[in-house]
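Given next are the chains, with one letter for each unit.
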Amino acid sequence: MAVKNPVRSLQHIVVTADQMQQIEERVFAAGMPVPALMEKVAGRITQRIEALFLGRSGLRVGVLVGPGHNGGDALVVARELHFKGCQVVIYQPFTKLKELTGHHAQYCSSLGIPTIEQVEALQECDLLVDGLFGFGLERSLSGDIANAVDQINQWHKPVVSIDLPSGLHTDTGQALGTAIQATHTLCLGLWKQGLLQDQALAYVGQADLVDFDLPLADIHAVLGDHPPVQRITSERAIAYLPLPRSLTAHKYTAGHLLLICGSRRYAGAAILSGLGARASGVGMLSIAVPASLQPVLMAQLPEALVVGCPETPSGAILYLPDEMQLDKYSAIACGPGLTMEAKSVVRSVLGSSLPVVLDADGLNMVADWGTSMLETRTAPTILTPHPGEFKRLFPHLAENLPCRVTAVREAAAQTGAIVLLKGARVTISDSHTVWINPASTPALARGGSGDVLTGLIGGLLAQPLAQQQTQSPIPHSSSLIPNLVQSAAWWHSQAGILAAQERTELGVDAHTLAQYLIPALKAHL
């Protein structure tokens, strides 16, 4: 396996309000004039708006102007759209403006661009540009401004928000009382953390980054060479997949994954996990299931080595047979469909020296035992909870869930595990770094989708470990494992997106999702 160098790009960098302020302060301290930067930023925003909307003449544009420099950006945009022939009207509900913003307001007035104080006049516009508030807003919107925002949201018009929708908290993505429901958000310079949080999705719309050439030296001076929060990009996700394979590869050099999953009640979980693992390209796949399920699994996954295990009266795995020596595998994925009767199996897995992906009932068992048992593991552990499982595992962190970045970072630090928190924006942490998957689809809100992900992560996890065991020139590194987890999360979501495009959001059951894993990957190669 050859690991490609990830593409260096600003697209993967995510900042908080405080970090962005520090970066901008360095830029201004170095001599960049604020008016010059405002002109540059607003010019690039105008170009994006022109590409999106200026296909017809006489477009009526309402520009919402706040008191700060976000409002100044909006006024420059208003001026430029006026010059391009748009019918522009400015909604300026604040009388006190920052000096530079006030200068631009005065110039727009001298150009004859009308200014209004009543939001109702914007209802006749074809497009609204939101420049009320930029990053760093801490106070909830209230009074006339909150009422105006609520009215605008009721109109369901196209709205382009500058940097982030007014009313959103920059870091958590929480609506501060209320917030603009944008159809497009043009994020300035670097991705703001709040835009990538689940609770922001109802407000952000289509988000794009507007790069205005922040010096890399200033970015690295504040964030370091390894930004603490990163956005997963397709280039970086693909870079860590086991492609291309060595010309001399064979099944024993492509990894051996052990899946432990399923019960008489939840046979489908074992099948779906197996399908996810199969798509990963893992060289050998063994699946441990209750003996009564062995014929079913063999029919669905004929290439897998299906091991029938002694089972409880209700059809759960009682224990692993003696011939299943765990040290002969490269990695283990465990949990989907097990039921809580298989506790002895999960204990033996966590007592092994192998990397383990733990999901579903495996997580519920750890919640019962206490996560402190994970701290003594010397091999990597990957936990893949949905929010409900996360709350059971980390009840003291439940109040942090509104900020998924904080929640997963603290959970990873507590356990020493890599924590993947499922949701619309999958968030992953190894306690040092947080990665956010920026794209997904509600089509994945189906039972079994997570089982496919468990198998996929396990299959990818097994492959670089196999390379190390066979003395490959590409050695295994523990730092590679978080990257593989990111790759799996990205790949899984891309399969869902492609399937939804072809089958609608209602047509992506988990079995279908597994069939789209390879087409989705191929579409990006």
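Draft legend 1. Examining the overall build of the chain more closely. Within the chain one finds 18 helices and 19 strands. Relative to its length of 525 residues, the chain is compact, with a C-alpha radius of gyration of 26 Å against a globular reference of 24 Å. The burial tally for the chain puts 58% of its 525 residues in the buried class. Restricting the contact set of the chain to residue pairs at least 6 apart, pairs at least 24 apart contribute 72%. A total of about 21000 Å² of accessible surface is found on the chain, and carbon and sulfur atoms cover 51% of it.

Draft legend 2. The environment of serine 286, seen in detail. Along the chain, the position of serine 286 falls in strand S12 (residues 284-290). Through-space distance from the C-alpha of serine 286 to that of threonine 381 is 19 Å; in sequence the pair is 95 residues apart. Discounting chain neighbours no more than four positions away, the residues touching serine 286 are His256, Leu257, Leu258, Leu259, Leu305 and Tyr329.

Draft legend 3. A look at the side chain of histidine 12. Looking at the secondary structure, you find histidine 12 in the segment before strand S1 (14-15). Discounting chain neighbours no more than four positions away, the residues touching histidine 12 are Pro227, Val229, Gln230, Arg231, Thr233 and Arg236.

Draft legend 4. View of helix H11 (residues 343-350). Residues of H11 that are buried: Val345, Val346, Val349 and Leu350. Looking straight down H11, one finds that the buried residues subtend no more than 130 degrees of arc, so they occupy a single side. Close packing links the buried residues of H11 with strand S11 (256-260), strand S14 (331-334), strand S15 (356-358) and helix H12 (361-369).

Draft legend 5. Layout of the pairing of strand S5 (residues 127-131). With 5 of 5 residues buried, S5 lies mostly within the body of the structure. Of the two faces of S5, the one carrying Leu127, Val129 and Gly131 and the one carrying Leu128 and Asp130 are both buried. Relative to strand S6 (residues 159-162), S5 runs parallel, the two being bridged by 3 bridges. Within S6, the residue paired with leucine 128 across the bridge is valine 159. Regarding topology, helix H5 (residues 143-155) serves as the crossover connection from S5 to the parallel S6, and that connection is right-handed.

Draft legend 6. Broad picture of the sheet that holds strand S4 (residues 115-116). Strand order across the open sheet formed by 7 strands is S4-S3-S2-S5-S6-S7-S9, with parallel pairing between neighbours. Each end of this open sheet is capped by a strand with a single partner; those strands are S4 and strand S9 (206-210). Bridge analysis of strand S7 (residues 184-188) against S9 gives 5 bridges, and the strand direction is parallel. Its bridge partner lying in S9, cysteine 187 is registered against leucine 209. Against the sheet, helix H2 (residues 34-53) touches S5, S6, S7 and S9, its axis set at about 155 degrees to S7.

Draft legend 7. Here's a closer look at the environment of glycine 337. With respect to the helices and strands, the residue glycine 337 is situated in the loop between S14 and H11. Note: C-alpha distance between glycine 337 and leucine 393 (56 residues apart in sequence) is 18 Å.

Draft legend 8. Just H2, in detail. For H2, built from 20 residues, the straight-helix expectation of 28 Å at 1.5 Å per residue is met to within 8% by its first-to-last C-alpha distance of 28 Å. Of the residues making up H2, those classed as buried are Leu37, Met38, Val41, Ala42, Ile45, Thr46, Ile49 and Phe53. Each buried residue of H2 sits inside an arc of 170 degrees when the element is viewed along its axis, so together they form one side. Exposed side of H2, more than 90 degrees from the buried face: Gln47 and Ala51 are the residues found there. Taken together, the buried residues of H2 touch helix H1 (17-29), helix H3 (69-83), helix H4 (99-110), S5, S6 and S7.

Draft legend 9. Just unusual backbone geometry, in detail. Proline 244 follows leucine 243 through a cis peptide bond whose omega is -10 degrees. The topology assignment puts proline 244 in the loop between helix H8 (234-239) and S11. The phi angle at aspartate 163 is positive, at roughly 75 degrees, despite the residue not being glycine. By the secondary structure assignment, aspartate 163 is in the loop between S6 and S7. What makes aspartate 163 buried here is its relative accessible area of 4%. Its identity is not glycine, yet aspartate 213 carries a phi of approximately 70 degrees, on the positive side. Among the structural elements, aspartate 213 can be located in the loop between S9 and helix H7 (216-223).

Draft legend 10. Representation of the sheet that holds S14 in the model. Spatial strand order, S10-S19-S18-S17-S16-S15-S14-S11-S12-S13: 10 strands in an open sheet with mixed pairing. Looking along the sheet, the strands with just one partner apiece sit at the ends: strand S10 (229-231) and strand S13 (305-309). Each neighbouring strand pair of the sheet contributes to a mean axis angle of 15 degrees, computed without reference to strand direction. Sheet analysis places strand S18 (residues 427-429) next to strand S19 (residues 434-436), joined by 3 bridges and oriented antiparallel. Within S19, the residue paired with isoleucine 428 across the bridge is tryptophan 435. Along the sheet face, helix H14 (residues 404-415) touches S10, strand S17 (418-421), S18 and S19 and points at about 30 degrees away from the line of S18. Packing against the sheet, helix H16 (residues 480-503) makes contact with strand S16 (381-383), S17, S18 and S19, and its axis sits at approximately 15 degrees to S17.

Draft legend 11. Summary view of the pattern of salt bridges. Under the definition given, this model contains 13 salt bridges. With its nearest N and O atoms 3.1 Å apart, the salt bridge here joins arginine 26 to aspartate 218. Here arginine 26, found in helix H1, pairs with aspartate 218, found in helix H7; they are 192 residues apart in sequence, far enough to count as distant. Arginine 26 gets classed as partly exposed once you look at its relative accessible area, which sits at 40%.

Draft legend 12. Quick peek at the packing of H3 against H4. Contact pair H3 / H4: the axes reach a minimum separation of 8 Å and the direction vectors enclose 25 degrees. Here H4 runs roughly parallel to H3, going by the angle between their axes. Viewed along their axes, H3 and H4 form a crossing whose handedness is left-handed. Contact with H3, carried on its side by His69, Gly71, Gly72, Leu75, Val76, Arg79 and Phe83, involves Leu100, Thr101, His104, Ala105, Tyr107 and Cys108 of H4 and no other residues of that element. Residue composition of the contact of H3 with H4, grouped by class: 7 nonpolar, 5 polar and 1 charged.

Draft legend 13. Representation of the nonpolar core. Core analysis: the biggest nonpolar cluster contains 97 residues, and Ile49, Leu190, Ile260, Ile332, Leu358 and Phe390 have the highest contact counts within it. A per-element tally of this core places H2 first, with 7 residues. With residues near it in sequence (within four places) discarded, isoleucine 332 still touches Leu257, Leu258, Ile260, Leu326, Val349, Ser352, Leu354, Pro355, Val356 and Val357. Membership of the second largest hydrophobic core comes to 59 residues, among which are Val289, Ile457, Leu460 and Val485.

The rules behind each value
- The residue count restarts for each chain, going from 1 along the sequence in the order it is written.
- The model is predicted, so local features are restricted to residues of pLDDT at least 70 and side-chain atom pairs to those at 80 or more, both for listing and for counting; the totals for chains, interfaces and linings are taken over all residues.
- In computing side-chain values, all of the structure's heavy atoms are included and hydrogens and water are not.
- Comment: elements are numbered from the N terminus, with helices defined as DSSP H or I runs of at least four residues and strands as E runs of at least two.
- A radius of gyration in this sense is built from C-alpha atoms; the matching globule rule multiplies 2.2 Å by the number of residues raised to 0.38.
- Accessible area is worked out with a 1.4 Å probe on protein chains only. A residue is then buried under 20% of its type maximum, exposed over 50%, and partly exposed in between.
- We call two residues in contact whenever any of their non-hydrogen atoms come within 4.5 Å of each other.
- In short, Shrake-Rupley with a 1.4 Å probe defines the accessible areas, and a residue's cover is counted only from the protein chains shown.
- Here the arc refers to the directions that run from the helix axis out to each C-beta atom.
- By this definition, two strands are paired if DSSP reports at least two bridges between them.
- When the strands point away from the viewer, a crossover counts as right-handed if the route from the first strand across the helix to the second turns clockwise.
- Axis lines are fitted through C-alpha atoms, for helices just across the contact stretch, and the angle between N-to-C directions can take any value from 0 to 180 degrees.
- Helix span, as expected, comes to 1.5 Å for every residue beyond the first.
- Salt bridge criterion: a side-chain nitrogen from Lys or Arg within 4 Å of a carboxyl oxygen from Asp or Glu.
- Roughly parallel refers to an angle under 35 degrees, roughly antiparallel to one over 145, roughly perpendicular to one between 65 and 115, and oblique to any angle outside these ranges.
- For a crossing to be left-handed, the near helix must be turned anticlockwise from the far one by less than a right angle; the clockwise case is right-handed.
- Three classes are used, and their members are as follows: Ala, Val, Leu, Ile, Met, Phe, Trp, Tyr, Cys and Pro are nonpolar, Asp, Glu, Lys and Arg are charged, and the others, Gly among them, are polar.
- Among the buried residues, those of types Ala, Val, Leu, Ile, Met, Phe, Trp, Tyr and Cys that are joined through side-chain atoms within 4.5 Å form a nonpolar core.

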